[in-house]
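Examination of the molecular architecture
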Amino acid sequence: MALNTLKNAKVGETVKIVKLHGEGAVKRRIMDMGLTKGVEVYVRKVAPLGDPVELTVRGYELSLRKADAEMIEVR
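A short tour of the structure in this document, coming up. Quantities reported herein were computed from a predicted structural model and do not represent experimental measurements.

What follows deals with the overall build of the chain. Tallying secondary structure elements over the chain gives two helices and five strands in all. Counting from the amino terminus, the chain carries its helices and strands in the arrangement β-α-β-β-β-α-β. Relative to the globule expectation of 11 Å for 75 residues, the C-alpha radius of gyration of the chain, 11 Å, shows essentially globular dimensions. Across its three principal directions, the C-alpha atoms of the chain cover 30 × 30 × 20 Å. When burial is assessed residue by residue, the chain has 32% of its 75 residues classed as buried. Pairs at least 24 apart in sequence give 56% of the contacts found in the chain among residues at least 6 apart. Carbon together with sulfur atoms contributes 52% to the accessible area of the chain, which is approximately 4700 Å² in total. With 14 positive and 10 negative side-chain charges, the chain shows a separation of 3 Å between the mean positions of the two kinds.

Written out as structure tokens, the structure is:
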């Protein structure tokens, strides 16, 4: 079964971060953006070609590349 990642979340959905995958600097950068375990993320929109994904996290707006969104496991 494929992981349910932020990349697969639909526009208008609110999901909760379960786990961050990835290593070192990449994982640190994602965490520095406020994307940490237990945080709820609202998917605002996805660009026409799917990259980037626009999110609302902790009351602010954030654009995230698909490659990064793929490393964030949600439910």
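What follows picks up the thread again.
Another aspect to go through is the pairing of strand 2 (residues 40-46). Where strand 1 (residues 14-20) and strand 2 come together, three bridges link them in antiparallel fashion. Looking at strand 2, one finds that threonine 14 is bridged to tyrosine 42. What sits between the antiparallel neighbours strand 2 and strand 3 (residues 53-57) is a turn of six residues, in which glycine 50 has the positive phi angle 90°.

Of the two faces of strand 3, only the one carrying Val53, Leu55 and Val57 is buried; Glu54 and Thr56 on the other face are not. Pairing analysis gives five bridges linking strand 2 to strand 3, with the strands arranged antiparallel. If you follow valine 43 over to strand 3, its bridge partner there is leucine 55. Counting the residues that bridge the hairpin from strand 3 to strand 4 (residues 60-64) gives two residues, and of these arginine 58 lies at a positive phi of roughly 50°.

Let us look at the nonpolar core. Core analysis: the largest hydrophobic core is formed by 19 residues, its most contacted members being Leu6, Ile17, Leu35, Val41, Leu55, Leu64 and Ile72. Listed by contribution, the elements that provide at least two residues to this core are strand 1, strand 2, strand 3, strand 4 and strand 5 (72-74). Apart from residues lying up to four places away in sequence, isoleucine 17 is in contact with Leu35, Thr36, Lys37, Gly38, Val39, Val41, Ile72, Glu73 and Val74.

Strand order in the open sheet formed by five strands is 4-3-2-1-5, and the pairing between neighbours is antiparallel. Each having just a single partner strand, strand 4 and strand 5 make up the two edges of the open sheet. Between one strand axis and the next, the sheet turns through 45° on average, direction left out of account.

Rules used throughout
Residues numbered from 1 in each chain as written. Predicted model: local features only at pLDDT ≥ 70, side-chain atom pairs only at ≥ 80, totals over all residues. Heavy atoms only, no water. Helix = DSSP H or I, 4+ residues; strand = E, 2+ residues; numbered from the N terminus. Rg over C-alpha atoms; globule rule 2.2 N^0.38 Å. Buried < 20%, exposed > 50% of the residue type's maximum accessible area, 1.4 Å probe, protein only. Contact = heavy atoms within 4.5 Å. Areas by Shrake-Rupley, 256 points an atom, 1.4 Å probe, with all protein chains shown as cover. Lys, Arg positive; Asp, Glu negative; His and termini not counted. Charge placed at Lys NZ, Arg CZ, Asp CG, Glu CD. Pairing = 2+ DSSP bridges. Core = buried A, V, L, I, M, F, W, Y, C linked by side-chain atoms within 4.5 Å. Axes fitted to C-alpha atoms, helices over the stretch in contact; angles between N-to-C directions.

These figures capture arrangement, not role.
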